[in-house]
Amino acid sequence: MLMISFLQDLPQISLQVRLFVAFIILQKAVNMYLDNQLDVPAIQKELYAFCNKEILDSLDEELRNQIDEESRFKILRQLPLIIKRDSLFGRFDNLVQQAVHYFEQVDFSQYIADLHAFKESCGAQYRTFYTNYWTYKVFSDSLSIPDYEKTKEKLIYTGMEFAMFQCIALASFLKNGRLYQEEYNYIITSLSRTAEDNLPFRELLTAQIKDYNLVSPAGLLLFVLV
């Protein structure tokens, strides 16, 4: 509950920083758990230690320096093309194609402006979803894969999958001027179904992960758009 509170109740702290701290703390907790030495008070104490404005501001500056928006843009524009290689049907195919067209036509400066508008509307409207989704994924993936390096790669895969969802949602938002809750839920549900047990899809994403050397917490944060 303390971790959830940390992620949800500090809107003045960027989500990148909150997720980065969550990753560090959860990884330590998982290692303790696997060694049968889980010390909840120690974990709580460490989390409280991070809840220091100077520490959080320092982390925020450091992460901003590591995350290159232009590099992120170059990768993001490839993601709709990856999923487009699969046989999609109907409405979801149209939404993916819409994202493909958007990234074919937009330049970096326009993307930054569009992303800002997306954050100010959808980012604010669905903020709870973002934190709940990432809390669940970071925690469940950390528990399910005890090997640290594999855990990081799994988290990067999750980050790229979520970034793909964001690409599709961004294009839909721009076309219609807003993104309804029903459309928002439909996109992520359709993407989850498409990705589930889809080996070619996972292989393509894994190749992107390795090509861009993103197997790190900082790499994971490269794909957090809000």
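Going by the structure above, here's the rest.
The rules behind the values
Residues numbered from 1 in each chain as written. Predicted model: local features only at pLDDT ≥ 70, side-chain atom pairs only at ≥ 80, totals over all residues. Heavy atoms only, no water. Helix = DSSP H or I, 4+ residues; strand = E, 2+ residues; numbered from the N terminus. Buried < 20%, exposed > 50% of the residue type's maximum accessible area, 1.4 Å probe, protein only. Contact = heavy atoms within 4.5 Å. Areas by Shrake-Rupley, 256 points an atom, 1.4 Å probe, with all protein chains shown as cover. Expected span 1.5 Å × (residues − 1). Arc of directions from axis to C-beta. Phe/Tyr/Trp six-rings, centres within 6.5 Å; stacked < 30°, edge-to-face > 60°. Lys NZ or Arg CZ within 6 Å of the ring centre and 35° of its normal. Salt bridge = Lys/Arg side-chain N within 4 Å of Asp/Glu carboxyl O.

Novice: Is there a simple way to explain the overall build of the protein chain in this structure?
Specialist: Broken down by element type, the protein chain carries 13 helices and zero strands. A buried classification covers 48% of the 226 residues belonging to the protein chain. Of the contacts formed within the protein chain by residues at least 6 apart in sequence, a portion of 74% connects residues at least 24 apart. Entry remark: accessible area of the protein chain is about 11,600 Å², with carbon and sulfur atoms responsible for 52%.

Novice: In this structure, what is going on with helix H11 (residues 181-195)? I would like to understand it.
Specialist: Spacing of three or four residues puts side chains on the same side of an α-helix, whose turn is 3.6 residues. Its 15 residues give H11 an end-to-end C-alpha distance of 21 Å, which sits within 8% of 21 Å, the value for a rise of 1.5 Å per residue. Along H11, the positions that sit buried rather than exposed are Glu 183, Tyr 184, Ile 187, Ile 188, Ser 190, Leu 191, Thr 194 and Ala 195. Summarising the axial view, the buried residues of H11 lie within an arc of 160°, below the 170-degree limit, and thus occupy one face. Trailing H11 by a residue or two, Asp 197 shows a phi angle of about 55°, which is positive.

Novice: So what exactly am I meant to see when it comes to the side chain of Gln 98 here?
Specialist: One can find Gln 98 in helix H7 (residues 90-105). For Gln 98, the residues in contact, after removing those within four places along its chain, are Ala 171, Ser 172 and Lys 175.

Novice: It is not clear to me how the packing of aromatic side chains should be interpreted in this structure. Could you clarify?
Specialist: In this description, an aromatic ring pair is defined by two values, namely the gap between the centres and the angle between the planes. Taken as a whole and judged by the stated rule, the model has eight aromatic pairs. Considering the side-chain rings of Phe 73 and Tyr 111, the 4.8 Å spacing of their centres and the 35° angle between planes classify their relative orientation as tilted. Here Tyr 111 lies in helix H8 (residues 108-125) and Phe 73 lies in helix H5 (residues 69-76), a separation of 38 residues in the sequence. Residue classification places Phe 73 among the buried residues on the basis of a relative accessible area of 3%. Relative to Phe 103, the ring of Tyr 102 has its centre 4.9 Å away and its plane inclined at 85°; by these criteria the two rings are edge-to-face. Here Tyr 102 falls in the buried class, since its relative accessible area comes to 12%. Taking the relative accessible area as the measure of exposure, Phe 103 reaches 2% and is therefore buried. Among the aromatic residues, those joined into a cluster by ring pairs are Phe 73, Tyr 102, Phe 103, Phe 108 and Tyr 111. The residue whose ring lies beneath Arg 91 is Tyr 186, and the NZ or CZ to ring-centre distance is 3.9 Å.

Novice: Mind showing me how you'd approach the pattern of salt bridges here?
Specialist: Oppositely charged side chains can pair when the atoms bearing their charge come close. In this structure the tally under the stated criterion is three salt bridges. A salt bridge links Asp 57 to Lys 53, with the shortest nitrogen-to-oxygen separation between them at 2.7 Å. Of this pair, Asp 57 and Lys 53 both sit in helix H4 (residues 53-66), four residues apart, which is roughly one turn of that helix. In this structure, the salt-bridge partner of Glu 182 is Arg 91, at a minimum N-O distance of 3.1 Å. Of this pair, Glu 182 sits in helix H11 while Arg 91 is found in helix H7, placing the two residues 91 residues apart along the sequence. Exposure remark for Arg 91: the relative accessible area of 34% places this residue in the partly exposed category. Linked through salt bridges whose partners overlap, the residues forming this network are Arg 91, Glu 182 and Glu 183.

Just distances and angles here, no functional claims.
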